[in-house]
Amino acid sequence: MPNISSNKVNYPFYICGKVVKGYGRGSKQLGCPTANIESDVVDSIELSNGIYYGFAQLQIRESEIKPDIDYVNFTQFKNVKVSPIYMMCCSLGTNPYFNNKTKSLEVHILNQFDYDFYDCFLRVAICGFIRCEKNFNSLQELIDAIHSDIELTKQQLQDKDKWRSVVENGFFVRTY
Ligand code: ADP
Ligand code: RBF
Ligand code: MG
C-alpha cells in the first residue's frame, strides 16, 4: 500500500489537486512562481513538511482553455489538454520565513509559462526529499536557497532511465 506512513516514506508519493490562489506575495516577481494546491488535498498529505523534488503534469479542461493562449507542447487527450511531464520542486509546510498559519503545498514547475493556470488540475509525483523548511535572515537568502533547490532537482532527475518507471507507470497521462 503506497503513501501511508510519514515516518517511512514510499517514493514516489503521488498527489493530485486543483491549483488555487496562494498568498499573493509575488513569488512570481521573485522569479519563482509556485502553483498552490487546494487545501483539502494538502490536509490529507501524510508527508513531513519540507522541500521535495519530483515531476508534475498539468491538465486543462475544455472549459478552462483560453483561445488566445498557445499551450506549447500540450497534447489533446479526450476533452483535456495535457502538458508534458515537467521537473518540479515544491515546498510543503508553513513557510517559516513568513510564519504562515496554515500548511500549503507550493509547486514550482521547471518550465517557463507565459500564462497562469489557476483552477487547472495538477498531478505531482514527489520523488525525494531535499531539506527541511527554514527561516532566513533575508528574502535574498530564501531566494538563493530556492535556486539551489532548483539546481539539485535538475541533478537528481537528469537520469531519464532512472525515473522512467515513475514517468511511465500510468499515473501521468501519456503524451508521447
Ligand atoms: P500565488 O500566490 O497565487 O500562488 P504566485 O506568484 O506563486 O501566486 O504564482 C503562481 C501562479 O503562477 C500559479 O498558480 C500558476 O498559475 C502560474 N505559474 C506560471 N508559471 C509557473 C511555474 N513555472 N510554476 C508554477 N506556477 C506557475
Ligand atoms: N519558505 C520558507 O519559509 N522557507 C523555506 O525554506 C522555503 N523553501 C522553499 C523551497 C522551494 C523550492 C519553494 C518553491 C518554496 C520555498 N519556500 C520556503 C516557500 C516560499 O516562501 C513561498 O513559495 C513564497 O513565500 C510564496 O508563497
Ligand atoms: Mg504560489
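Residues numbered from 1 in each chain as written. Chains lettered and ligands numbered in written order. Predicted model: local features only at pLDDT ≥ 70, side-chain atom pairs only at ≥ 80, totals over all residues. Heavy atoms only, no water.

Caption draft 1: Local environment of the coordination of the magnesium ion (ligand 3). Distances from the magnesium ion (ligand 3) to its protein donors, Thr34 (O), Thr34 (OG1) and Asn36 (OD1), fall within 2.2 Å. Among the residues examined, threonine 34 registers a relative accessible area of 22% and is labelled partly exposed. (Donors = N, O, S within 2.8 Å, 3.2 Å for Na, K, Ca; no water. Buried < 20%, exposed > 50% of the residue type's maximum accessible area, 1.4 Å probe, protein only.)

Caption draft 2: Main features of the pattern of salt bridges. In this structure the tally under the stated criterion is six salt bridges. The salt bridge partner of lysine 18 is aspartate 119, with a shortest N-O separation of 3.9 Å. Separated by 101 residues along the polypeptide, lysine 18 in strand β1 (residues 13-20) and aspartate 119 in the loop between β7 (104-109) and β8 (121-131) bring together distant segments of the chain. Judged by its relative accessible area of 41%, aspartate 119 falls in the partly exposed class. Note that arginine 61 is salt-bridged to glutamate 64, the shortest N-O span being 2.6 Å. What makes arginine 61 partly exposed here is its relative accessible area of 42%. Among the charged side chains, a salt-bridge network with shared partners connects Asp161, Arg164 and Glu168. (Salt bridge = Lys/Arg side-chain N within 4 Å of Asp/Glu carboxyl O. Helix = DSSP H or I, 4+ residues; strand = E, 2+ residues; numbered from the N terminus.)

Caption draft 3: Region of the structure containing the site of ligand 2. In the vicinity of ligand 2 lie 20 residues, with Arg25, Tyr97, Glu106, Arg131 and Lys134 positioned nearest. The backbone of tyrosine 97 places a nitrogen or oxygen atom 2.9 Å from an oxygen atom of ligand 2. Alone, ligand 2 offers 550 Å² of accessible surface; in the complex the protein occludes 98% of this. Partitioning the shell around ligand 2 into residue classes produces nine nonpolar, five polar and six charged. (Near = heavy atom within 4 Å. Polar contact = N/O pair within 3.5 Å; in protein donor to acceptor, adjacent residues only side chain to side chain. Areas by Shrake-Rupley, 256 points an atom, 1.4 Å probe, with all protein chains shown as cover. Nonpolar A, V, L, I, M, F, W, Y, C, P; charged D, E, K, R; others polar.)

Caption draft 4: Here's a closer look at the UniProt feature "domain: Riboflavin kinase" (unreviewed entry) in the protein. Within this numbering scheme, the UniProt entry marks residues 8-158 as carrying the feature "domain: Riboflavin kinase" (unreviewed entry). End C-alpha to end C-alpha, residues 8-158 measures 25 Å, and it is 16% helix and 36% strand. (UniProt positions renumbered as here; feature names shortened; annotations may be inferred.)

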